[in-house]
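# Residue-level structure breakdown
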Amino acid sequence: MSVQGLKGFKDILPAEAATWQRIEATARALFHRYGFTEIRVPILEKTELFVRSIGEATDIVEKEMYTFEDRNGASITMRPEGTAPVLRAFIQHNLQLLQPIQRLYTIGPMFRHERPQKGRLRQFHQMSVEVLGTDQPMVDAELMAMAWQLLSELGLTVSLEINSLGCPECRPAYNQALLDFIGERNEKLCEDCQRRRTTNPLRVLDCKNEACREQYQGIPELPDHLCPACAAHFEEVRGLLALLEIPYRVNPFMVRGLDYYTRTTFELITADLGAQSAVGAGGRYDGLVGQLGGPKKMPGIGFAIGMERLVLLLEQAGAAEEEPEPDLFIAALGDEARQQAFRLMQLCRQSGLKTAMDPAGRSLKNQMKQAGKSRARFTFIVGEEELAQKAGILRDMASKEQQEISLAGEPAGWRDRIVPIIIR
Ligand code: ATP
Ligand code: MG
């Protein structure tokens, strides 16, 4: 039996490649317009980086990381997300010295040991952006506007949900309010929530258990417990979203699966992917750079969009991209004609045309069939007869119109006569 790929590790086959490329090209062009430059970071990092940033009591660190010892016995982890590695690089290379506000993006694979299902893989891909060096609400709104624009440029409609998780000033009081509330209901809660009381009370807001949800009617909501500075920040973010006419909904139960978030958090939600409803998500992490050993006062914010989910949405919408068809198929018969055609193909490719020919030089009928199958826009026919009469035939495959092209001189001259007809 042949060796199969790992569960949750998917091949992106040629038929899907054009869709992936369009997503990436659209994102790169958009990120550049918003002032972002690319950073590429390694896939492997010290395990400690993720434990210190994502948080010990999160699903990602507790259950989902691909962590192993390398040959020297050091604990290393395949990155489950992009923010921590980008911040590690930012700190390590003192990027803040180059520019007080850094806008970085990165695109690549992430790894989480989850139960594979539609839109949920063990190797998946994210496009993620980070802005470091400012806590201005304008940047929060700008990032959400950029994510929104990316999806609309791809022709997708999602809804934006936002929340504020407060800061180390207001979080303790809110945690206490939560603890008081769930303490009264402890016996009726699921095991996870009972454990969350001691590990991270905020997580109970996110519990999917029906019984817990019932118990949480009337649970204290974060936006009502923000300190004045966080409340003002949230208010301003909301005002700016309104100013940009970006529709959003405040979801007071959105907590996100990573511990580093402060203040603004957001998710882009779709109704079209079943349980995998989040297409992208992000938020502010004002303490994270300091926590990782970088400059103490270095606020930041970022988001990540899951590419597999975008591909699924585009496919479902019938908007998957197709490989562009060849501009030209050269059908050649006879040794001499095939030699000249081969030279012509090279010249046409140098001139920017997607050009194909049959390397095996089968019958003309067979080659015309191949030309049709390839959906080439034009076919150029050079056989022994054409060569002798110094006139090839250029056929427009859609209109079926044919015209003679002089074969006088070298293939470079033929190319000069063909290219202007095809590029219009
Ligand atoms: P979910 O709630 O679906 O597990 P998440 O909160 O774990 O998502 P983030 O860590 O915020 O996701 O990552 C941002 C985006 O990356 C998600 O919105 C999603 O589109 C994508 N993503 C996350 N995990 C996976 C996965 N295992 N497979 C495919 N895409 C994923
Ligand atoms: Mg997850």
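Residues numbered from 1 in each chain as written. Chains lettered and ligands numbered in written order. Predicted model: local features only at pLDDT ≥ 70, side-chain atom pairs only at ≥ 80, totals over all residues. Heavy atoms only, no water.

### A word on the pattern of salt bridges
Stated precisely, the cut-off is as follows: Here, a salt bridge means any side-chain nitrogen of Lys or Arg that lies within 4 Å of a carboxyl oxygen of Asp or Glu. Helix numbers and strand numbers start at the N terminus; a helix is a DSSP run of H or I with at least 4 residues, a strand a run of E with at least 2. Buried means the residue's accessible area, taken with a 1.4 Å probe over protein chains only, is under 20% of the maximum for its type, while exposed means over 50%, and partly exposed covers the values in between.
Evaluated as defined, the whole model comprises 24 salt bridges. With a shortest N-O distance of 3.0 Å, Glu142 and Arg103 are connected by a salt bridge. Taken together, the residues span a long stretch of sequence, with Glu142 in helix H5 (residues 137-153) and Arg103 in strand E5 (residues 102-111) at a distance of 39 residues. Measuring nitrogen to oxygen at the nearest pair gives 2.7 Å for the salt bridge that ties Asp140 to Arg284. In this pair, Asp140 is assigned in helix H5 and Arg284 in strand E10 (residues 278-284), connecting sequence segments 144 residues apart. Considered together, Asp140 and Arg284 belong to a single accessibility category, that of buried residues. Connected through shared salt-bridge partners, Glu24, Arg28, Glu38 and Arg40 make up one network.

### Brief notes about the environment of Val237
Put simply, the test is: The contact rule is simple, with two residues in contact once any of their heavy atoms fall within 4.5 Å.
Counting through the fold element by element, Val237 comes out in helix H9 (residues 228-243). The buried category is assigned to Val237, whose relative accessible area is 0%. For Val237 and Met138, which are 99 residues apart along the polypeptide, the C-alpha to C-alpha distance reads 6.7 Å. Apart from residues no more than four positions distant in its own chain, Val237 is found in contact with Pro137, Asp140, Ala141, Met144 and Thr264.

### Section: the nonpolar core
In a soluble, globular protein the nonpolar side chains are often hidden away together inside. The line we're drawing: Only buried Ala, Val, Leu, Ile, Met, Phe, Trp, Tyr and Cys residues count toward a nonpolar core, and they belong to the same one when joined by side-chain atoms within 4.5 Å.
With 49 residues, the main nonpolar core has Phe31, Phe36, Met127, Met146 and Leu310 as its most contacted residues. Broken down by element, this core gets its largest block of residues, nine residues, from H5. Leave out the neighbours within four places in its chain, and Leu310 touches Ile23, Met127, Leu151, Leu154, Leu156, Val279 and Ile305. Core analysis: the next-biggest nonpolar cluster, separate from the first, contains 42 residues, Ile54, Leu95, Leu178 and Leu258 among them.

### Focus: the domain arrangement of the protein chain
Filter applied, for reference: These domain boundaries are the output of an automatic or database domain assignment.
When cut into domains, the protein chain gives domain 1 (14-170 + 226-316) and domain 2 (328-418). Here the C-alpha centre of domain 2 lies 50 Å away from the C-alpha centre of domain 1.

### Describing the sheet that holds strand E16 (residues 402-406)
This is how the line gets drawn: We treat two strands as partners when DSSP finds at least two bridges between them. Only the stretch in contact is used when fitting a helix axis, every axis being a line fitted to C-alpha atoms; angles between N-to-C directions are given from 0 to 180 degrees.
Within the open sheet, the five strands sit side by side as E13-E12-E14-E15-E16. Their pairing is mixed. Two strands lie at the open edges of the sheet, namely strand E13 (355-357) and E16, each paired on one side alone. Neighbour-to-neighbour, the strand axes of the sheet open up by a mean angle of 25°, direction not taken into account. Sheet topology places strand E14 (residues 378-382) next to strand E15 (residues 391-396); four bridges connect them, and they run antiparallel. Residue pairing in the sheet places Thr379 in a bridge with Arg395 of E15. Relative to strand E12 (residues 328-332), helix H13 (residues 364-373) is tilted by about 175°, and along the sheet it contacts E12, E14 and E15.

### Regarding the sheet that holds E10
With mixed pairing, the eight strands of this open sheet are ordered in space as E1-E5-E6-E11-E10-E9-E7-E8. Two strands bound the open sheet, and with one partner strand each, they are strand E1 (37-38) and strand E8 (249-250). In terms of strand pairing, strand E6 (residues 123-132) meets strand E11 (residues 300-306) through seven bridges, oriented antiparallel. Looking at the pairing, Glu130 lines up with Gly302 of E11. Packing against the sheet, H5 makes contact with E5, E6, strand E7 (159-164), strand E9 (262-269), E10 and E11, and its axis sits at approximately 15° to E11.

### Structural notes on the site of ligand 1
As a reminder of what qualifies: Distances are taken per atom, and a residue is near a molecule or strand as soon as one of its heavy atoms is within 4 Å of it. We define a polar contact as two N or O atoms separated by no more than 3.5 Å, with the added condition that, inside protein, one atom must be a possible hydrogen donor and the other a possible acceptor, whereas residues neighbouring each other in sequence contribute only through side-chain atom pairs. Three residue categories are used. Nonpolar comprises Ala, Val, Leu, Ile, Met, Phe, Trp, Tyr, Cys and Pro, charged comprises Asp, Glu, Lys and Arg, and polar comprises the others, including Gly.
The immediate surroundings of ligand 1 are formed by 15 residues, with Arg112, Glu114, Arg120, Arg256 and Val279 found nearest. The backbone of Leu121 places a nitrogen or oxygen atom 2.9 Å from a nitrogen atom of ligand 1. Here an oxygen atom of ligand 1 sits 3.4 Å away from a polar atom, N or O, in the main chain of Gly280. Secondary structure elements with two or more residues in the shell around ligand 1: E6, E10 and E11. The element that contributes the greatest number of residues to the shell around ligand 1 is E10, accounting for four residues. Of the residues that constitute the shell around ligand 1, the class distribution is six nonpolar, four polar and five charged.

### As for the packing of aromatic side chains
Heads up, the condition is: Only the six-membered ring of Trp is used, alongside the rings of Phe and Tyr, when aromatic pairs are assigned; centres must lie within 6.5 Å, and planes under 30 degrees apart are stacked while those over 60 apart are edge-to-face, with the rest tilted.
Tallying each qualifying case throughout the model produces seven aromatic pairs. On the basis of an interplanar angle of 80° and a centroid distance of 5.7 Å, the ring pair of Tyr260 and Tyr285 is categorised as edge-to-face. One end of the pair, Tyr260, is in the loop between E8 and E9; the other, Tyr285, is in the loop between E10 and helix H10 (288-291), with 25 residues separating them in the sequence. The class of Tyr260 is buried, set by a relative accessible area of 4%. Ring centres of Phe266 and Phe303 lie 6.1 Å apart, and the angle between their planes is 70°; on these two criteria the pair is classed as edge-to-face. Of this pair, Phe266 sits in strand E9 while Phe303 sits in strand E11, placing them 37 residues apart in sequence.

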